[in-house]
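Listed here are the chains, written in short residue letters.
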Amino acid sequence: MSEFLRRWLRPRMRACAAAWLPSACALCGSDADAPVCAPCARRFVSGGGARCRCCANPLGSADCGLLCGACLADAPAYDATVAASDYAVPLDQLVLRLKFGGALALAPWCAGALARAVLAAPGFAPPELLCPVPLGPARLAERGFNQALEIARPLSTLLGIALYPQLAVRQLDTPAQSRVAPGQRKQNMRHAFLVAPDMLALVRGRHIGVVDDVMTSGHTLDALATTLKRFGATRVSNMVFARTPPH
């Protein structure tokens, strides 16, 4: 068995075991029939109050209307963002377990929380198709899966929106944004994405929904939205499980 196949199988075998064996809440450890028990979900998963409709950052009293000051001053390429919750303790550990621990059983739960946030978001126009943020070939081979795609699959079913996993490709294996200084993150993502040649007709004139696990600075999603619009998309909306609050 090749090393790549082992890496690909390992998290999926763990996910199957989690589906068949009795489980405990990933946050409090109590018996649960889901990765996160209902009390923890009610306590920790929330929209976090009023958010900017463009970038999903919290709105303060000084912000104007439905957009934060940053989006009013320098509008990103994407048009809207919905986040299920803040990227904060203890939910950040769920994302880390999914992303780096191969806990794929958490992905459908994250998708469920995100679907509820999307359906509850005031004025949010549902996209026509979904596109997960792609990983570069090296990182995909190392991890064995794309966490954005693992969330996008059940999200597609829950929302009834078609998913196109290969719509966008990452043509550059850029350094992880978490390892790049904040002031260099936008430059790090320049020219990182392309629309797959056989998907061009799907993009033109369409509203694309981009799915990711976490939105931090927003530069990755901005770069992908820029690419999608350059290839003809009329609107791009982000759907992310967690949004990192501004520091």
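About the cut-offs
- Residues numbered from 1 in each chain as written.
- Predicted model: local features only at pLDDT ≥ 70, side-chain atom pairs only at ≥ 80, totals over all residues.
- Heavy atoms only, no water.
- Pairing = 2+ DSSP bridges.
- Helix = DSSP H or I, 4+ residues; strand = E, 2+ residues; numbered from the N terminus.
- Axes fitted to C-alpha atoms, helices over the stretch in contact; angles between N-to-C directions.
- Parallel < 35°, antiparallel > 145°, perpendicular 65-115°, else oblique.
- Left-handed = near helix turned anticlockwise from the far one by under 90°.
- Contact = heavy atoms within 4.5 Å.
- Salt bridge = Lys/Arg side-chain N within 4 Å of Asp/Glu carboxyl O.
- Buried < 20%, exposed > 50% of the residue type's maximum accessible area, 1.4 Å probe, protein only.
- Phe/Tyr/Trp six-rings, centres within 6.5 Å; stacked < 30°, edge-to-face > 60°.

The five strands lie next to each other as E3-E9-E8-E4-E5, forming an open sheet whose pairing is parallel. Edge positions in the open sheet fall to strand E3 (80-86) and strand E5 (162-163), since each of these has one partner strand only. Note: strand E4 (residues 129-132) against E5, two bridges, orientation parallel. Within the sheet, the bridge partner assigned to leucine 129 lies in E5 and is alanine 162.

What follows deals with the packing of helix H4 (residues 91-101) against helix H5 (residues 106-120). In the contact formed by H4 and H5, the axes pass within 10 Å of each other and the chain directions differ by 135°. The angle between the axes of H4 and H5 places the two elements in the oblique class. With respect to the hand of their crossing, H4 and H5 are arranged in left-handed fashion. Every residue of H5 that contacts H4 at Leu91, Leu94, Arg97 and Leu98 is listed here: Leu106, Ala107 and Trp109.

A full pass over the atoms with the stated rule returns five salt bridges. Linking arginine 51 and aspartate 86 is a salt bridge whose minimum nitrogen-to-oxygen distance equals 2.6 Å. You can see arginine 51 sitting in the loop between helix H2 (38-44) and helix H3 (69-73) and its partner aspartate 86 sitting in strand E3, a full 35 residues away along the chain. Close ionic contact of glutamate 128 with arginine 206 constitutes a salt bridge, the shortest N to O distance being 3.1 Å.

This brings us to the pairing of strand E8 (residues 207-215). Where burial is concerned, most of E8 is hidden: nine out of the nine residues are buried. Summarising the sheet, E4 and E8 pair through four bridges and their orientation is parallel. The residue bridging leucine 129 from the neighbouring strand is isoleucine 208, located in E8. The pairing of E8 with strand E9 (residues 235-243) spans eight bridges and is parallel. Residue pairing across strands places histidine 207 opposite arginine 235, the latter belonging to E9.

Okay, the packing of aromatic side chains next. One pass over the full model with this rule turns up one aromatic pair. With 5.9 Å between their ring centres and 65° between their planes, tryptophan 109 and phenylalanine 241 make a pair best called edge-to-face. With tryptophan 109 in helix H5 and phenylalanine 241 in strand E9, this residue pair connects regions lying 132 residues apart in the sequence. For tryptophan 109, a relative accessible area of 11% puts it in the buried group. Classification of phenylalanine 241 as buried rests on a relative accessible area of 0%.

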